[in-house]
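Inside the fold
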Amino acid sequence: MADPQYDKTMIKKGNVRVKGRIPIGKSWKKKMLVLYGPSSNGAARLVKYSGEQAFAEDEPSSQIPLKDVGSALRCKMSEGSHGDGITLHMSDRSIKQFLCDTELESTEWLTAIQAELTRNDNLPSGMFRVFLLPCATLNDSGECILYVTSDCVYIYDNEQKNKQITACDITHIRRYGADAKRKQFLIEAGRTVFNQEIHDQIEEAAERIKKKVAGRQRSVPTIPAKQPIYMNQKP
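Residues numbered from 1 in each chain as written. Predicted model: local features only at pLDDT ≥ 70, side-chain atom pairs only at ≥ 80, totals over all residues. Heavy atoms only, no water.

1. Thoughts on helix 2 (residues 103-118)
Our working definition: Numbering of helices and strands starts at the N terminus; helices are DSSP runs of H or I of at least 4 residues and strands are runs of E of at least 2. Residue count minus one, scaled by 1.5 Å, sets the expected span of a helix. Burial classes follow relative accessibility: with a 1.4 Å probe on protein chains only, a residue under 20% of its type's maximum area counts as buried, one over 50% as exposed, and anything between as partly exposed. The directions considered for the arc are those from the helix axis to the C-beta atoms.
Its 16 residues place the ends of helix 2 22 Å apart at the C-alpha level, agreeing with the 22 Å of an ideal helix rising 1.5 Å per residue. Within the span of helix 2, buried status applies to Ser-106, Trp-109, Leu-110, Ala-112, Ile-113 and Glu-116. The buried residues of helix 2 occupy an angular sector of 165° when the element is viewed end-on, so they sit on one face. Exposed residues pointing more than 90 degrees away from the buried face of helix 2 are listed as Glu-103, Leu-104 and Thr-118.

Here it is, written out as structure tokens:
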């Protein structure tokens, strides 16, 4: 999983004020809000943290998937609420609001959220957003797109969709599996296992034949050649 502080899919981060959960005596509390684009960690979303430390330790308090947001609008808050407000109209007809300290911040947040809402990021069937871990055989790492076909596995750059990082034939995959604890998926590619096994068996059989033939040659006794017998030769 990518470090939240260096996640390239992080579009905007800043401190905002949101209402507390207690119905009686609700007050606007300062929280850190982060807007992430689609990545291996999920679809585009707004993630709320209690503060800078929680953000650094990747401990979010809640998140709002943008696919559940119908629209985002600037709203005029009631008197006593200092700052410019933004209202998110959810698909279940509920609303969520947060306050920005200045009009400029409110405009920046609104522009960023609306841009993500209008972007169609649905990937075709067989494509997945993954985070490529650093390895010795590749120069690239980070967010990318994994494309699985019937005969090959491709990895493309997340930003430059036409840039292919690497590819692997299905028959070259030795083994694969998932580590649920680390949230990792491993593909080990290299030699073609089936063909290599046949090759090894042929080599072993050839070695056995060589040893068997060599043993037979050593066990054959040496027979002296018979002297020729001529018709007029006396015994």
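Structure shown, so let's carry the discussion forward.
2. Comments concerning the sheet that holds strand 10 (residues 152-157)
Think of a sheet as strands paired side by side through backbone hydrogen bonds, with each pair either parallel or antiparallel. Our working rule: Strands are labelled as partners when DSSP assigns at least two bridges between them. Angles shown run from 0 to 180 degrees and are taken between the N-to-C directions of axes, each axis being a line fitted to C-alpha atoms and, for helices, limited to the stretch in contact.
Read from one edge of the open sheet, four strands run 8-9-10-11, paired in antiparallel fashion. For this open sheet the edge positions go to strand 8 (127-132) and strand 11 (164-169), each flanked by a neighbour on one side alone. Mean inter-strand twist for the sheet, computed between neighbouring axes without regard to direction, equals 25°. Alignment of strand 8 against strand 9 (residues 142-148), held across six bridges, turns out to be antiparallel. The residue bridging Phe-131 from the neighbouring strand is Glu-143, located in strand 9.

3. Observations concerning the pattern of salt bridges
The cut-off we apply is this: Salt-bridge detection follows one rule: a side-chain nitrogen of Lys or Arg within 4 Å of a carboxyl oxygen of Asp or Glu.
Using the criterion set out here, one finds six salt bridges in the structure. Close ionic contact of Arg-17 with Asp-101 constitutes a salt bridge, the shortest N to O distance being 2.6 Å. One end of the pair, Arg-17, is in strand 1 (residues 10-19); the other, Asp-101, is in the loop between strand 7 (95-100) and helix 2, and 84 residues separate them in sequence.

4. A word on the packing of aromatic side chains
Any pair of aromatic rings gets described here by the distance separating the centres and the angle formed by the planes. Under the convention used in this document: Two rings belonging to Phe, Tyr or Trp (six-membered ring only in the last case) form a pair when the distance between their centres is within 6.5 Å. Interplanar angles under 30 degrees mark stacking, angles over 60 mark edge-to-face geometry, and anything in between is tilted. Counted as over-ring charges are cases with an Arg CZ or a Lys NZ within 6 Å of the ring centre that also lie within 35 degrees of the ring normal.
Under the counting rule described, the total for this entry stands at four aromatic pairs. With centroids separated by 5.3 Å and ring planes inclined at 85°, the aromatic side chains of Tyr-49 and Phe-55 adopt a geometry described as edge-to-face. Of the two residues, Tyr-49 and Phe-55, neither departs from the other in class, the shared state being buried. On the numbers, 6.0 Å between centres and 75° between planes, the contact of Phe-98 with Trp-109 is edge-to-face. Placement of the pair is Phe-98 in strand 7 and Trp-109 in helix 2, with a sequence separation of eleven residues. The buried category is assigned to Trp-109, whose relative accessible area is 1%. Every member of this aromatic cluster is reached through a ring pair, and the members are Tyr-147, Tyr-154 and Tyr-156. Between Lys-12 and the ring centre of Trp-109, over which it is positioned, the NZ or CZ distance is 5.2 Å.

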